[in-house]
Amino acid sequence: LFELLIYLIFFSNQFFLSWAKYVAEKTSINGKYMNEGALSYKDDNWALSIVFYFMSSSAGSQTSNFNVGFLCEENPRNLIANYIREDCMTKFFNQSIQINPKHADPYALNKIGDYHYSEYKRNRNIFDSQKAVELYLNAFVKGNQQVSYL
């Protein structure tokens, strides 16, 4: 889904403009931040992109939360210190799947599943293991066939 969105943003200006317009109509300032974040990302200005998406995610945008998590994970040009990277990625992916669980991105579900599984391996807490399996299954049902630990 994310790859499709990126493809449509970069190669279909009409889709990008209609998407930005729809979001802006719902919440004008939030839509502006999301639009600026997308344009900054497209212009290869990742630092500015992360700032705009972060401001938009503070308003509760599921897409922006996912985008901040993705940018934290990719960490281009080491913009985010390594000791903050995993916490940033986990926090924003987790927020993105909690805002609207029915529309959670499978990639985010997989990443949070990986986090719970790694916590299970460290602490042997059965809750983490069960939560990881639940997230992996949800990601698989939504079309993500790449489950890292199973």
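Residues numbered from 1 in each chain as written. Predicted model: local features only at pLDDT ≥ 70, side-chain atom pairs only at ≥ 80, totals over all residues. Heavy atoms only, no water.

Undergrad: Just give me the short version of the overall build of the chain, but keep the residues and values in it.
TA: A count of helical and extended segments in the chain gives eight helices and zero strands. Sequence-ordered secondary structure for the chain, helices as α and strands as β, is α-α-α-α-α-α-α-α. Each of the 150 residues in the chain was classed as buried or not, and the buried ones make up 43%. Taking as baseline every contact in the chain between residues at least 6 positions apart, the subset at least 24 positions apart corresponds to 48%. (Helix = DSSP H or I, 4+ residues; strand = E, 2+ residues; numbered from the N terminus. Buried < 20%, exposed > 50% of the residue type's maximum accessible area, 1.4 Å probe, protein only. Contact = heavy atoms within 4.5 Å.)

Undergrad: Would you mind going over the environment of Asp 114 in detail, with residue names and values included?
TA: Within the secondary structure layout, Asp 114 lies in helix H7 (residues 106–123). Each C-alpha atom of the pair Asp 114 and Asp 128 lies 10.0 Å from the other, and the pair is 14 residues apart in sequence.

Undergrad: An account of the nonpolar core is needed here, citing residue identities and associated values.
TA: Core analysis: the largest hydrophobic core is formed by 22 residues, its most contacted members being Val 68, Leu 71, Cys 72, Phe 93, Ile 97 and Leu 109. For this core, the elements supplying multiple residues, two or more each, are helix H3 (28–42), helix H4 (46–58), helix H5 (62–74), helix H6 (82–99), H7 and helix H8 (126–141). The residues contacting Cys 72, other than those within four sequence positions of it, are Ile 50, Ile 80, Arg 85, Cys 88 and Met 89. (Core = buried A, V, L, I, M, F, W, Y, C linked by side-chain atoms within 4.5 Å.)

Undergrad: Requested: an account of the side chain of Asn 65, with residues and values cited.
TA: By the secondary structure assignment, Asn 65 is in helix H5. Apart from residues no more than four positions distant in its own chain, Asn 65 is found in contact with Ser 57, Gly 60, Phe 92, Phe 93, Gln 95, Ser 96 and Ile 99.

Undergrad: Summarise the packing of aromatic side chains; cite the residues concerned and give the values.
TA: Taken as a whole and judged by the stated rule, the model has six aromatic pairs. When the centroid spacing of 6.1 Å and the interplanar angle of 35° are considered together, the rings of Tyr 33 and Phe 52 count as tilted. Residue Tyr 33 is located in helix H3, and its partner Phe 52 is located in helix H4; the two are separated by 19 residues in the primary sequence. We classify Tyr 33 as partly exposed; its relative accessible area is 23%. Judged by relative accessible area, Phe 52 falls into the buried class, the value being 15%. Ring centres of Phe 66 and Phe 93 lie 5.4 Å apart, and the angle between their planes is 50°; on these two criteria the pair is classed as tilted. Placement of Phe 66 in helix H5 and of Phe 93 in helix H6 is noted, with a sequence separation of 27 residues between them. Taken as a pair, Phe 66 and Phe 93 share a single burial class, namely buried. Each member of the aromatic cluster is reached from another via a ring pair, and the members are Phe 66, Phe 93 and Tyr 107. (Phe/Tyr/Trp six-rings, centres within 6.5 Å; stacked < 30°, edge-to-face > 60°.)

Undergrad: Pulling in residues and values, what's your account of the pattern of salt bridges?
TA: Under the defined criterion, the tally for this structure stands at two salt bridges. Between Lys 111 and Glu 73 there is a salt bridge, with the nearest N and O atoms lying 2.8 Å from each other. A residue pair is termed long-range when its members are at least 10 positions apart, and Lys 111 in helix H7 and Glu 73 in helix H5 qualify at 38 residues. Lys 111 sits in the partly exposed class, given a relative accessible area of 22%. Between Lys 131 and Glu 134 there is a salt bridge, with its nearest N and O atoms 3.8 Å apart. Separated by three residues within a single helix, Lys 131 and Glu 134 lie in helix H8, roughly one turn from each other. The partly exposed category is assigned to Glu 134, whose relative accessible area is 42%. (Salt bridge = Lys/Arg side-chain N within 4 Å of Asp/Glu carboxyl O.)

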